[in-house]
Amino acid sequence: MRPLPTALVALCSVAALPAQQTPPLVIEVGRAWLEPGKPIERPRFVIEVGRIRDVATWKEGQDAAGAERFAGAVATAGFVDLHRLAKDQGELGEKAESLTPELRLDRAYDPFDPEWKRSLAKGVTSFVLAPAHDSLSGGQAIWVTNGLVPEPDQAPSYIGFSLTKEIQGRDRRPTSLIGALDYLREGYRRLRSSTPRRLDPTEQALASTLDGAVKVGFVCAQADEVLGAMTLAEELRLEGTIFLGDSRGRFVRRDVEELLPKLRESGLGVALPCLSLRSDPEDRALPAELDRAGIRFAFWCPAVERGDVEGFQWTLAASVRRGLDPARALAAVTSVPASWAGVGDVVGTLYKGRQADLCVWSGDPWDLRSRLLLVVRKGEVVWRPRAEEAVR
Amino acid sequence: MRVAFLLPLLVLAGTASAQETVLLRGAKVFTGTGAFQDGVEVLLQGGKIAKVGPSITPPAGAKVLELEGRWLTPGLVDPNTSLGLDQAHVNEESDEVTPHIPILEAVSPRDQSFRRALEDGVTTAYVSPGGKNVFGGLGVVLKTQGETLAKRVLDRGNGMRMTLGSMPTAGNRTFRGGNPDSMFYRRPTTRMGVIWEIRSAFYDADARRASGDREELEDDPKVKTLIAALDQKLVVRTTARTDQDIRTALRLAQEFGLKLALDECTEAWLNLDQLAAAGFPVICAPPSVETHPDNAEPHLDTIKLLADKGVKVAIQTGQGLGALPLIREAAFAVRRGLPRERALEAVTSVPADILGVADRVGRIAEGLDADLVVWNLHPLSVFSKAETVIVDGFFVIRPAQAEGSPALESAGTAPPSENRGTRL
């Protein structure tokens with residue numbers, strides 16, 4: 001019998017060794033919002049293998065081994081952006097055809113894009129890759145942890161239907177809102193065909209929205225588009241969200257205010273574009289108006305906001321200042337978008353067992369004086385302020 | 001902002017009082033036909049006209065509006081507009097034949113254009129699909145003001161728009177940006193091509209109708225709509241401006257047995273006898289407008305000449321033609337000899353008849369919607385102003401406080417700012 005090659009023996013012995021244990025990440029803060037409206041004082045988060053293994057409380061003088069303590073700080077769940085358009089719109093919108101609900105957005109997603117890192121520095125730990133607004137149906141929006149590769153067969157969060165003017169003006173159908181609605185109706189009508197046959201991928205994608213298995217996301221910027229979306233949702237019994245704003249987040253606020261009672265009746269959620277320093281002062285009161293009208297809403301971050309100093313924190317601050325309940329504001333960037341993206345039991349809250357996406361702030365996140373001190377994404381510290389920022 | 005948001009709520013809260021029973025008396029009344037009459041009183045109840053006649057005893061609790069020296073007409077009906085649309089001609093341009101697409105879904109219910117029309121006394125309007133397609137779609141008849149869009153709509157699929165002439169050829173070409181695969185590489189590119197498209201669409205629909213597969217037809221709204229037109233269940237709103245287009249329209253109507261309502265008909269003065277013989281109503285282009293699409297030559301007397309021949313004429317402000325307010329267009333026609341009564345009928349009862357909504361609007365008669373306008377002078381005077389506009393019993397426009405109208409104030413309804421509110 002020939003002796004085993006030395007290299008193979010060495011390899012086997014390495015494999016037989018016990019895996020090196022990574023010590024759990026322990027973070028202690030002054031206060032945390034387990035979910036919006038549910039604060040907990042002095043929590044200790046024990047994070048292991050990307051998940052929150054345990055949530056306990058700590059006391060002064062009792063130091064856990066290796067714990068990092070932010071005594072006066074506030075922890076929230078990592079922000080979830082419900083509608084993240086890729087920087088390169090051309091990459092994520094099929095130009096030749098406008099009704100492409102079968103395309104999966106994660107197939108064109110580059111986890112190494114520096115843009116994702118910039119949003120991590122603003123506390124966005126996961127987002128939904130949204131189809132471009134210039135296609136009637138750009139494809140299936142997929143939830144991803146910021147900068148990580150999603151599961152290849154992950155279910156889509158929603159299928160996007162853009163009704164804004166951005167879909168028009170090309171050498172393809174549709175060229176108008178009425179044409180867009182007609183195109184969608186025609187697509188759904190084809191499903192009713194009496195002769196049994198195998199559905200093509202486009203039809204399969206549309207059919208998946210009918211039984212509510214997959215939600216839809218209508219993108220609208222003015223009253224007729226919102227009305228069209230509500231009519232269609234009612235006709236076809238679709239469930240989902242109305243995303244207000246074109247790709248730059250512009251929409252006719254007055255139109256939307258008129259539609260509040262109808263929006264509430266429709267049962268569709270509303271996603272508002274982030275507020276910015278440039279947004280109309282009147283826009284800043286809209287979140288509070290929606291809340292008073294009993295409409296569930298979330299925020300999304302339009303292209304124009306990217307890389308700017310504002311972002312979700314500024315949006316929270318501005319909307320809270322105009323009368324929105326802070327817990328509702330926080331929910332609109334954490335638990336609500338997470339549940340609408342179909343990952344409410346994964347992210348958006350800080351309960352035991354959830355994916356460890358959390359942000360540590362020097363104060364409440366809706367206070368503009370608060371700074372971000374730490375961002376944890378799937379159990380890994382991915383961002384800390386630079387030394388000079390921490391001093392400031 | 002907060003105040004602006006609360007405004008609709010205030011209006012909704014005031015709904016019950018706004019539709020209270022009101023007796024209008026003392027005005028000269030035009031009921032939709034004939035001349036202005038003295039001594040006619042109108043009782044409004046629950047958003048409807050409850051009674052019209054002399055010396056009505058107001059029921060207990062009714063408010064009385066003394067309108068001495070005022071002129072009362074039905075709310076005006078504009079039979080062709082692009083109110084609430086982003087542009088004058090809205091079409092789905094990826095196809096020339098889109099007869100089934102409803103324009104209603106492109107209407108912004110709170111567009112400022114509705115408010116402007118309302119201030120000119122227009123309470124009901126027909127919003128038409130654009131003329132960039134051979135078959136543009138289905139129009140909608142709706143009120144210019146109302147609680148909700150659903151309540152405003154009188155008929156959501158009224159009239160199938162068909163356009164003759166050169167407008168549907170615009171944008172179609174043999175090559176676009178050097179790309180022969182462009183969807184605009186298609187017929188029609190000529191006036192003859194337009195007619196070919198129309199005939200071919202109707203022939204196809206006729207063949208499908210003959211084949212009789214009902215279930216398959218249910219899934220094809222395009223053909224279903226064309227068949228409804230062939231069966232005369234749907235009026236074909238045909239835009240024909242030039243002499244030859246008008247004659248073509250009449251020929252097509254005869255060939256396919258269509259029920260037409262002719263729009264614009266700028267050169268109708270060249271086809272008076274044919275139009276009178278055909279018996280189709282004509283919704284005339286605004287007489288004040290001098291330049292028309294298709295280089296059609298207008299004649300200031302057209303409306304009078306058509307009326308003299310016994311043609312049913314209505315006046316429209318049209319789509320992007322730059323017309324004056326509807327009542328001024330009617331006054332223009334009067335200046336060229338149209339009797340005043342005919343001119344007022346052409347903007348009230350006749351368009352209501354043509355649109356098939358005469359059971360709701362266009363006249364002051366019992367059972368119809370309480371849509372009325374109180375004018376400070378004879379409405380056809382250049383100085384006339386719609387002082388008070390009532391839609392469904394709601395006082396949506398009322399005289400400014402400064403001008404003073406003690407009679408109206410005594411009616412005790414909500415102040416004007418509340419009723420100006422934005423309701424949908």
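Note that the coordinates shown come from a computational prediction; the quantities given were computed from them, not determined experimentally.

Draft legend 1. How the structure looks around the overall build of chain A. Secondary structure assignment for chain A yields 12 helices and 16 strands. Among the 392 residues that make up chain A, the fraction classed as buried is 57%. By sequence separation, contacts in chain A at least 24 residues apart represent 68% of the contacts at least 6 residues apart. Carbon together with sulfur atoms contributes 53% to the accessible area of chain A, which is approximately 17,100 Å² in total.

Draft legend 2. Structural context of the interface of chain B and chain A. Counting residues at the interface gives 32 residues for chain B, matched by 34 residues for chain A. Where chain B abuts chain A, roughly 2,700 Å² becomes buried across the two surfaces, and 52% of that area is made up of carbon and sulfur atoms. Across the chain B-chain A interface, the total number found is two salt bridges. Where chain B touches chain A, the interface holds 11 residue pairs in polar contact (both at pLDDT 80 or more). Class assignment of the residues belonging to the side of chain B that touches chain A gives a composition of 14 nonpolar, eight polar and 10 charged.

Draft legend 3. Spotlight on the packing of helix α5 (residues 191-211) of chain B against helix α8 (residues 243-256) of chain B. All names here are of chain B. For the pair α5 and α8, interaxial distance at closest approach is 12 Å and the crossing angle is 15°. When the axis of α5 is compared with that of α8, the two are roughly parallel. Here α5 runs over α8; the crossing is right-handed. Across the interface between the two elements, Arg191, Ile195, Ile198, Arg199, Phe202 and Tyr203 from α5 touch Gln244, Asp245, Thr248, Leu252, Glu255 and Phe256 from α8. Of the residues belonging to the contact of α5 with α8, the class tally is six nonpolar, two polar and four charged.

Draft legend 4. Quick look at a nonpolar patch on the surface. All names here are of chain B. Nonpolar side chains collect at one region of the surface, where Leu377, Val382 and Phe383 lie side by side and expose about 330 Å² of accessible area between them. By secondary structure assignment, the location of leucine 377 is in the loop between β15 (372-375) and β16 (386-391). For leucine 377, a relative accessible area of 34% corresponds to the partly exposed category.

Draft legend 5. Structural context of the sheet that holds strand β8 (residues 122-127) of chain B. Residue and element names in this part refer to chain B. One open sheet accounts for eight strands, arranged β7-β8-β9-β10-β11-β12-β13-β14; its pairing is mixed. The two strands at the open ends of the sheet, each matched to only one other strand, are β7 (76-81) and β14 (313-315). Here the average twist between neighbouring strands, direction ignored, is 25°. One ladder, built from four bridges, connects strand β10 (residues 153-163) with strand β11 (residues 236-240); its direction is parallel. Of the residues in β11, the one forming a bridge with arginine 161 is arginine 237.

Draft legend 6. Summary view of the pairing of strand β15 (residues 372-377) of chain A. Residues and elements named next belong to chain A. In terms of residue burial, β15 counts as a mostly covered element, since six of its six residues are buried. Pairing analysis gives four bridges linking strand β14 (residues 358-361) to β15, with the strands arranged antiparallel. Note that in β15 the partner of cysteine 359 across the bridge is valine 375. When β15 meets strand β16 (residues 380-383), the two strands line up antiparallel, connected through three bridges. By the bridge assignment for β16, arginine 377 is matched with glutamate 380. Remark: two residues form the turn of the hairpin made by β15 and β16, two consecutive strands paired antiparallel; lysine 378 in that turn has positive phi of roughly 50°.

Draft legend 7. Spotlight on the packing of aromatic side chains. Using the criterion set out here, one finds 14 aromatic pairs over all chains in the structure. When the centroid spacing of 5.8 Å and the interplanar angle of 45° are considered together, the rings of A:Tyr109 and A:Trp116 count as tilted. Considered together, A:Tyr109 and A:Trp116 belong to a single accessibility category, that of buried residues. An aromatic cluster is built from B:Phe135, B:Phe202, B:Tyr203 and B:Phe256, whose rings are joined through pairwise contacts. Lying across the ring of A:Trp58, A:Arg42 places its NZ or CZ 5.2 Å from the centre. Here the guanidinium or amino end of A:Arg84 rests over the ring plane of A:Phe127, the centre of that ring lying 5.8 Å away.

Draft legend 8. The layout of surface pockets, seen in detail. Considered as a void within the structure, the largest pocket measures approximately 1,100 Å³ in volume. Considering the residues around the largest pocket, the lining is formed by 40 residues, among which A:Arg185, A:Thr231, A:Glu235, B:Glu105 and B:Arg156 are closest to the centre. Put simply, the parts of the chain that give the lining of the largest pocket at least two residues each are α3 (177-191), α5 (223-236) and α7 (260-266) of chain A together with α4 (149-152), β10 and α7 (221-230) of chain B. In terms of residue count, the dominant contributor to the lining of the largest pocket is α5(A) (nine residues). Class assignment for the residues of the lining of the largest pocket results in 18 nonpolar, eight polar and 14 charged.

Draft legend 9. Region of the structure containing the pairing of strand β3 (residues 41-45) of chain B. All names here are of chain B. With four of five residues buried, β3 lies mostly within the body of the structure. Two elements, β3 and strand β4 (residues 48-53), share five bridges in a ladder whose sense is antiparallel. Considered in β4, the bridge of leucine 43 is made with lysine 51. Adjacent in sequence and paired antiparallel, β3 and β4 are bridged by two residues, among which glycine 46 carries a positive phi angle near 55°.

Draft legend 10. The arrangement of α3(A) in detail. Here α3(A) spans 22 Å end to end across 15 residues, near enough to the 21 Å set by a 1.5 Å rise per residue. For α3(A), the buried fraction is high: 13 of the 15 residues fall into the buried class.

Draft legend 11. Region of interest: the sheet that holds strand β1 (residues 22-25) of chain B. Residues and elements named next belong to chain B. In spatial order, the strands read β4-β3-β1-β5; together these four strands make up an open sheet with mixed pairing. The open sheet has two edge strands with one neighbour each: β4 and β5 (63-66). For this sheet, the mean angle separating the axes of adjacent strands, direction not counted, is 20°.

Reading the values: the criteria
Residues numbered from 1 in each chain as written. Chains lettered and ligands numbered in written order. Predicted model: local features only at pLDDT ≥ 70, side-chain atom pairs only at ≥ 80, totals over all residues. Heavy atoms only, no water. Helix = DSSP H or I, 4+ residues; strand = E, 2+ residues; numbered from the N terminus. Buried < 20%, exposed > 50% of the residue type's maximum accessible area, 1.4 Å probe, protein only. Contact = heavy atoms within 4.5 Å. Areas by Shrake-Rupley, 256 points an atom, 1.4 Å probe, with all protein chains shown as cover. Buried area = accessible area lost by both parts, 1.4 Å probe. Salt bridge = Lys/Arg side-chain N within 4 Å of Asp/Glu carboxyl O. Polar contact = N/O pair within 3.5 Å; in protein donor to acceptor, adjacent residues only side chain to side chain. Nonpolar A, V, L, I, M, F, W, Y, C, P; charged D, E, K, R; others polar. Axes fitted to C-alpha atoms, helices over the stretch in contact; angles between N-to-C directions. Parallel < 35°, antiparallel > 145°, perpendicular 65-115°, else oblique. Left-handed = near helix turned anticlockwise from the far one by under 90°. Patch = residues over 30% accessible without salt bridge, like charges linked within 9 Å, V, L, I, M, F, W, Y side chains within 5 Å. Pairing = 2+ DSSP bridges. Phe/Tyr/Trp six-rings, centres within 6.5 Å; stacked < 30°, edge-to-face > 60°. Lys NZ or Arg CZ within 6 Å of the ring centre and 35° of its normal. 1 Å grid on protein atoms, 1.4 Å probe; cavity = no way out; pocket = protein on both sides within 12 Å on 5 of 7 lines; lining within 4 Å. Points joined across faces, edges and corners; volume = space filled by probe spheres on them. Expected span 1.5 Å × (residues − 1).

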